[in-house]
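Examination of the molecular architecture
Here is how the chains run, residue by residue.
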Amino acid sequence: MLTEKDLVQDLMDRVHAFLPLLELNEITPLLEGIRASAEQELAQLRGFTKREAELLGAIPVTTSYPELLALHEELNHLEMERFLRFLSVPALHDNCTHYRDLLARRAQELVLKEMPTAAPLPFALVSMGSDGREEQTLITDQDYLIVYGDGGTEEAEAWFRDYALILVERLAEIGFKKCTGGIMPSNDDWRGSLSQWQRRLLSIVRYECEDMGKNLMDLIVISDARYVAGDRPLADELVSRIRSLGQDYFIALWGMAKAATEMRLALGFLKRIWTEGSGEHKGEFNLKLLAWAPLVMNVRILAINQGIPATSTVQRIEHLQREKSLSATTAKGLIEAYRILTKHRILLQVKVIKGIQSDAYHLNPYALDKDERERVRQALLLIEELQKIIHTNFSIM
């Protein structure tokens, strides 16, 4: 979360950057201007924080889905305006993840009241994808699974099926779009007892599924699992079993590593930024597929291989640096690369939300100023180096 301390530090950095360039008689007017700017920014930040606290406090006591939707929409709008003012990727991630966790928990509680009987077994809601990594942004969909206790009857399984069907609909009603890939507990593949999940996980890592593409995608998705609501010990047990898969079944991790190193980047001739040469997106490139996703994916591979429990990309990079898997320089560069690419992903989402454009994926690098365009290019070069590291570490031919 962006704090007043962060804001003050940012302003101090600005002062230190400019002071050596000024004459003595220019320093006082500069400091007075910065002070006025600081007071204005602090007042704005406090206003955001106060309103956010009011909205967050309303979630646990709200009893209707339309009201939860209204709270969600206002929180999204508040977060968008705060991001446009301060451009803080970590703050946006933290805030969006926090209030959506609260909304999902409240939806789960309300759906329980809709059920004709109480839950027959303890159960938990676990998130995956960007939510699992605590990297939520302004546009979100459902990436959840349900795990429940062992020893249930057919009636218990039917209860959880009915519950999941209602929960998915209610989450959609409060602003969580349905996952187009079907990663929702209403799908039988994403709901089950702990024992059923264990069998399913083993089937995935042993490549027993007929559809190898789906097998690999499922393995990638569950790698970012994180507790959201319900019985925490049950969720923690499932997450723990998921974490151990990569180390216990190296061939499965190797398959993920191979896919990660083969992900195409938006780099072309002489390491310039590659863009589409024709069509609807001429002069643009898919920021998610050709930059951001390869970074997240390759960091994930190294983290799983090292048994790192963190799910967020930045925390994984920090852990990898502490364990000497990445140099301090490389880790710093990758964190900066992640934040630059994510910043532009969010800005594209803002344009979609404001109706400026319909596409939230394609970036025109030549619409950026020269320095920013070079930062994007350097981010791509760092991802390419990361792919080479994994290619070597996993002996991929």
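Fair warning: this is a prediction, and the values are worked out from it, not measured in the lab. (Residues numbered from 1 in each chain as written. Predicted model: local features only at pLDDT ≥ 70, side-chain atom pairs only at ≥ 80, totals over all residues. Heavy atoms only, no water.)

Focus on the overall build of the protein chain
- Secondary structure summary: the protein chain contains 14 helices and 6 strands in total.
- Contacts spanning at least 24 positions in sequence make up 73% of the contacts within the protein chain whose residues lie at least 6 apart. (Helix = DSSP H or I, 4+ residues; strand = E, 2+ residues; numbered from the N terminus. Contact = heavy atoms within 4.5 Å.)

Overview of the sheet that holds strand 1 (residues 123-127)
- The strand order across the open sheet formed by 4 strands is 3-2-1-4, and the pairing between neighbours is mixed. Of all the strands in the sheet, just strand 3 (191-193) and strand 4 (226-230) have a single pairing partner and so form its edges. If you compare each strand with its neighbour and ignore which way they point, the axes differ by 30° on average. (Pairing = 2+ DSSP bridges. Axes fitted to C-alpha atoms, helices over the stretch in contact; angles between N-to-C directions.)

Topic: the packing of helix 11 (residues 287-305) against helix 14 (residues 370-393)
- Direction vectors running N to C along helix 11 and helix 14 enclose 35°, while the axes themselves pass 10 Å from each other. For the element pair helix 11 and helix 14, the recorded crossing hand is left-handed. Contacts from Leu290, Ala291, Pro294, Leu295, Asn298, Val299, Ile301 and Leu302 in helix 11 reach Leu380, Ile383, Leu386, Gln387, Ile390 and Asn393 in helix 14.
- Its residues placed into classes, the contact of helix 11 with helix 14 shows 11 nonpolar, 3 polar and no charged. (Left-handed = near helix turned anticlockwise from the far one by under 90°. Nonpolar A, V, L, I, M, F, W, Y, C, P; charged D, E, K, R; others polar.)

Description of the environment of Ala257
- If you trace the backbone, Ala257 turns up in helix 10 (residues 250-261).
- On a C-alpha basis, the gap between Ala257 and Gln387 in space is 8.9 Å, while along the polypeptide they are 130 residues apart.

Here's the deal with the environment of Leu145
- Mapped onto the secondary structure, Leu145 falls in strand 2 (residues 144-148).
- Its relative accessible area of 0% is what places Leu145 among the buried residues.
- Expressed as a C-alpha distance, the spacing of Leu145 and Trp190, which sit 45 residues apart in the sequence, is 4.9 Å.
- For Leu145, the residues in contact, after removing those within four places along its chain, are Ala124, Leu125, Val126, Met128, Pro185, Trp190, Trp197 and Leu238. (Buried < 20%, exposed > 50% of the residue type's maximum accessible area, 1.4 Å probe, protein only.)

Thoughts on the nonpolar core
- Within the largest apolar cluster, 119 residues are counted, with the highest numbers of intra-cluster contacts made by Val147, Ile222, Phe285, Leu295, Ile301 and Leu341.
- The biggest single contributor to this core is helix 11, with 13 residues.
- Other than its neighbours up to four places away in sequence, Phe285 contacts Ala266, Ile273, Trp274, Thr275, Leu290, Ala291, Tyr361, His362, Leu363, Pro365 and Val376. (Core = buried A, V, L, I, M, F, W, Y, C linked by side-chain atoms within 4.5 Å.)

Thoughts on the environment of Arg339
- Within the secondary structure, Arg339 is located in helix 13 (residues 328-353).
- Once the C-alpha coordinates of Arg339 and Val89 are considered, the two residues, 250 residues apart in sequence, prove to be 6.2 Å apart.
- Setting aside its immediate chain neighbours within four residues, Arg339 contacts Val89, Pro90 and Val314.

Overview of the packing of aromatic side chains
- According to the stated counting rule, one finds 8 aromatic pairs in the structure shown.
- Where Phe123 meets Phe160, the ring centres are 5.4 Å apart and the plane angle is 65°; that geometry is what we call edge-to-face. Remark: Phe160 occurs in helix 6 (residues 154-173) and Phe123 occurs in strand 1; sequence separation between them is 37 residues. The two residues Phe123 and Phe160 agree in class, both being buried.
- Ring pairing ties together the aromatic residues Phe123, Tyr148, Trp159, Phe160 and Tyr163, which thus form one cluster.
- Looking at Arg85, its charged tip hangs above the ring of Phe86, at a distance of 5.4 Å from the centre. (Phe/Tyr/Trp six-rings, centres within 6.5 Å; stacked < 30°, edge-to-face > 60°. Lys NZ or Arg CZ within 6 Å of the ring centre and 35° of its normal.)

Describing the pattern of salt bridges
- Across all of its chains, the model carries 26 salt bridges by this definition.
- Arg133 is the salt-bridge partner of Asp224, the closest N and O atoms lying 3.0 Å from each other. Here the residue Asp224 occupies a position in the loop between helix 8 (212-222) and strand 4, and Arg133 occupies one in the loop between helix 5 (129-132) and strand 2, the gap between them amounting to 91 residues.
- A residue is classified by how much of its surface remains accessible, and Arg133, at 5% relative accessible area, is buried.
- Taken together, the shared-partner salt bridges in this structure form one network comprising Arg133, Glu135, Asp224, Arg300 and Arg316. (Salt bridge = Lys/Arg side-chain N within 4 Å of Asp/Glu carboxyl O.)

What to know about the pairing of strand 4
- Burial analysis of strand 4 places 4 of its 5 residues in the buried class, which makes it a mostly covered element.
- Sheet topology places strand 1 next to strand 4; 4 bridges connect them, and they run antiparallel. Residue Val126 lies in a different strand from strand 4, and its bridge partner there is Tyr227.

Some words on helix 13
- Between its first and last C-alpha, helix 13 extends 37 Å over 26 residues, near the 38 Å set by a 1.5 Å rise per residue.
- Immediately downstream of helix 13, the backbone of Gly355 shows phi near 75°, a positive value. (Expected span 1.5 Å × (residues − 1).)

Looking at the pairing of strand 2
- In terms of burial, strand 2 is largely enclosed, as 5 of its 5 residues are buried.
- The two faces of strand 2 match: Tyr144, Ile146 and Tyr148 on one face and Leu145 and Val147 on the other face are all buried.
- Where strand 1 lies against strand 2, 5 bridges are found, and the strand directions are antiparallel. Among the inter-strand pairings, Phe123 is bridged to a residue of strand 2, identified as Tyr148.
- With helix 6 bridging strand 2 and its parallel neighbour strand 3, the resulting β-α-β unit is right-handed. (Right-handed = clockwise from strand over helix to strand, strands pointing away.)

Thoughts on helix 11
- In this model, helix 11 (19 residues) spans 26 Å end to end at C-alpha, consistent with the 27 Å of a helix rising 1.5 Å per residue.
- Of all the bends in helix 11, the greatest reaches close to 40° and is centred on Ala293; the proline Pro294 follows between one and four positions later.
- Burial analysis of helix 11 places 16 of its 19 residues in the buried class, which makes it a mostly covered element.
- Between a side-chain oxygen at the N-terminus of helix 11 and the backbone nitrogen of Lys288 the separation is 3.1 Å; the capping residue is Asn286.
- Of the residues one or two after helix 11, Gly307 is the one with positive phi, at around 70°. (Bend = angle between axes of the 7 residues up to and from the residue. Polar contact = N/O pair within 3.5 Å; in protein donor to acceptor, adjacent residues only side chain to side chain.)

Such coordinate-based values are descriptive only and should not be taken to indicate function.
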